[in-house]
Amino acid sequence: MAIILDGKKLRDKILEELRIQIDKFEKKPTLVVILVGDNPASKIYVNNKKKIAEKIGINSTVINYSSNVTEQEILSKIEELNNDKNITAILVQLPLPDNISKEKIINAISPSKDVDGFTPYNFGKLFSGEKPIVYPCTPKGVLLLLDEYEINLEGKHAVVIGRSNIVGRPMAQMLLNRNATVTICHSKTKNLSDIIKTADVVISAVGKNIIKGEMLKSDCVVVDVGIFKDNNGKTRGDVDFESASKIASYISPVPGGIGPMTITSLMLNTVELFAKHSEKF
Ligand code: NAP
């Protein structure tokens, strides 16, 4: 049976370390989250981020716009936040309504306050093999969890399923930076099962139940980033946990795997930005 990659346990450990660190700061970091519209899942994510931030001593403000807010109003707010020395980190909760350009909004965030690492500056640094100011939260959380279990990635064949800017693409680049041999798969990939069968490490970020145990190579490492609700309203990942855990050597569960690690990375990134602002980088 596979060893469980326990995201909750690592989250609790890192958050406690951060709480102790923040407690020693004279001034506290401030995270601002911009939420547009009333997407129920986004509301839950944002409330969760606020709750955890406050628990460890990070000031957290949520700016909630109705879905008929104009792009210009959000851009003006971001400019104000960029210029406000009391603000450490800015996060725009995605998805945004269709009438608002995600690119324009993200691009407006100062790279030095870009806690998700999504601005062209930080993305460009990552994809050119340099260090961004901070790394995107979900892939960072995946690597923190793999590191905790001392899973070496060098020379391993890592198969990333999904190519979004939030997860798949930065994940693949970060694995490449760790000297893994990386294959990126997506909805147009042919013979997905054949490719998965050759993977030492499978990282799936799709949002559909697409991986069964028999598709995996013996003793591979499985990281399940996907989250969706099945027909019974139960939270599921991309991987059939029961069959996969009989074949893999390590596996992350859903829930309790990458979800807690993503929020942990957000808190780490906020504190990293705070420290960098203090150094006046
Ligand atoms: P996304 O933007 O919808 O991307 C999904 C990706 O999956 C796309 O690249 C798509 O390919 C690919 N895909 C769809 N069907 C496929 C199939 N049958 N076979 C292979 N690839 C397929 O989603 P996302 O934002 O990256 O998120 C992915 C999943 O991770 C979601 O379930 C999301 O809820 C979850 N997530 C979890 C966390 C966490 O903290 N645990 C964080 C972020 C996201 P195309 O590019 O060809 O369309």
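Values in this document were obtained by computation on a predicted structure and should not be read as measured data.

Novice: Would you mind showing me how to read the site of the ligand here?
Specialist: Taken together, 19 residues surround the ligand, and among them Arg163, Ser164, Ser187, Ile227 and Thr262 come closest. Contact distances for the ligand include 2.5 Å between an oxygen atom and a side-chain N or O atom of Ser164. In the environment of the ligand, a nitrogen atom lies 3.0 Å from a nitrogen or oxygen atom belonging to the side chain of Lys208. Bound to the protein, the ligand loses 70% of the 920 Å² it would expose on its own.

Novice: I keep staring at the pattern of salt bridges and nothing clicks. Help me out?
Specialist: Should the charged atoms of two oppositely charged side chains come close, the side chains can pair. Counted by the stated rule, this structure contains twelve salt bridges. Its salt-bridge partner being Lys125, residue Glu130 comes within 2.8 Å of it at the nearest N-O pair. Accessibility expressed as a relative area gives 41% for Glu130, which makes it partly exposed. Across the pair Asp230 and Arg236 runs a salt bridge, and its minimum N-O distance is 2.8 Å.

Novice: What is the right way to look at the packing of aromatic side chains in this model?
Specialist: Note on aromatic pairs: each is described by the distance of the centres and the angle between the planes. In the structure shown here, the tally under the stated rule is four aromatic pairs. Ring geometry for Tyr149 against Tyr250: centres 6.2 Å apart, planes inclined by 70°, an arrangement best described as edge-to-face. One end of the pair, Tyr149, is in the loop between helix H6 (137–148) and strand E5 (157–161); the other, Tyr250, is in strand E11 (residues 250–251), with 101 residues separating them in the sequence. One aromatic cluster is present, built from ring pairs that chain together Phe118, Phe123 and Phe127.

Novice: I'm lost on the packing of helix H1 (residues 7–23) against helix H10 (residues 258–278) in this one. Help?
Specialist: The geometry of a pair of packed helices is captured by two quantities: the angle between their axes and the separation between those axes. The contact between H1 and H10 brings their axes to 9 Å, and the two run at 20°. With respect to each other, H1 and H10 are oriented roughly parallel. Every pair of crossing elements has a handedness; the one defined by H1 and H10 is left-handed. Residue-level inspection shows Gly7, Lys8, Leu10, Arg11, Ile14, Leu15, Leu18, Gln21 and Ile22 of H1 in contact with H10, the latter providing Pro260, Met261, Ile263, Thr264, Met267, Leu268 and Val271.

Novice: Quick question: what am I supposed to make of the state of the cysteines here?
Specialist: Should the sulfur atoms of two cysteines be covalently bonded, the bond is a disulfide. In the structure shown here, the tally under the stated rule is zero disulfides. In this structure Cys185 is not part of a disulfide, and its nearest cysteine sulfur, from Cys220, lies 14 Å away.

Novice: Please explain helix H5 (residues 120–127) as it appears in this structure.
Specialist: Spacing of three or four residues puts side chains on the same side of an α-helix, whose turn is 3.6 residues. All of the buried residues in H5 are Asn122, Phe123 and Leu126. Buried residues along H5 cover an arc of 100° about the axis, so they all sit on one side. Of the surrounding elements, those touching the buried residues of H5 are helix H7 (168–177). Positive phi appears at Gly129, one or two residues downstream of H5, with a value of about 85°.

Novice: Teacher, can you tell me more about the nonpolar core here?
Specialist: A general tendency of soluble globular proteins is for nonpolar side chains to be buried together. Grouped together as the largest cluster of nonpolar side chains are 49 residues, with contacts concentrated most on Leu18, Leu146, Leu175, Val223 and Met267. Other than its neighbours up to four places away in sequence, Val223 contacts Leu5, Val142, Leu146, Val202, Ile203, Ser204, Ser252 and Ile258. Val32, Ile34, Leu81 and Ile109 belong to the second largest nonpolar core, which has 21 residues in total.

Novice: Quick question: what am I supposed to make of the sheet that holds strand E1 (residues 3–4) here?
Specialist: Picture the strands of a sheet paired through backbone hydrogen bonds; they go either parallel or antiparallel. Overall, parallel pairing links the six strands, which are arranged E1-E11-E8-E7-E5-E6 in an open sheet. Looking at which strands have only one partner, the edges of the open sheet turn out to be E1 and strand E6 (181–185). Bridge count between E5 and E6: five bridges; the pairing is parallel. Counterpart to Val159 in the pairing with E6 is Thr183. Here H7 sits on the sheet in contact with E5, E6 and strand E7 (201–204), set at roughly 170° to E5.

Novice: What exactly am I supposed to notice about the environment of Met215 here?
Specialist: Note on placement: Met215 falls in the loop between E7 and strand E8 (221–224). The class for Met215 is buried, based on a relative accessible area of 14%. Look past the residues within four positions of Met215 in its chain and what remains in contact with it is Ser193, Ile196, Lys197 and Ile210.

So, how was this worked out
- Residues numbered from 1 in each chain as written.
- Predicted model: local features only at pLDDT ≥ 70, side-chain atom pairs only at ≥ 80, totals over all residues.
- Heavy atoms only, no water.
- Near = heavy atom within 4 Å.
- Polar contact = N/O pair within 3.5 Å; in protein donor to acceptor, adjacent residues only side chain to side chain.
- Areas by Shrake-Rupley, 256 points an atom, 1.4 Å probe, with all protein chains shown as cover.
- Salt bridge = Lys/Arg side-chain N within 4 Å of Asp/Glu carboxyl O.
- Buried < 20%, exposed > 50% of the residue type's maximum accessible area, 1.4 Å probe, protein only.
- Phe/Tyr/Trp six-rings, centres within 6.5 Å; stacked < 30°, edge-to-face > 60°.
- Helix = DSSP H or I, 4+ residues; strand = E, 2+ residues; numbered from the N terminus.
- Axes fitted to C-alpha atoms, helices over the stretch in contact; angles between N-to-C directions.
- Parallel < 35°, antiparallel > 145°, perpendicular 65-115°, else oblique.
- Left-handed = near helix turned anticlockwise from the far one by under 90°.
- Contact = heavy atoms within 4.5 Å.
- Disulfide = S-S within 2.5 Å.
- Arc of directions from axis to C-beta.
- Core = buried A, V, L, I, M, F, W, Y, C linked by side-chain atoms within 4.5 Å.
- Pairing = 2+ DSSP bridges.

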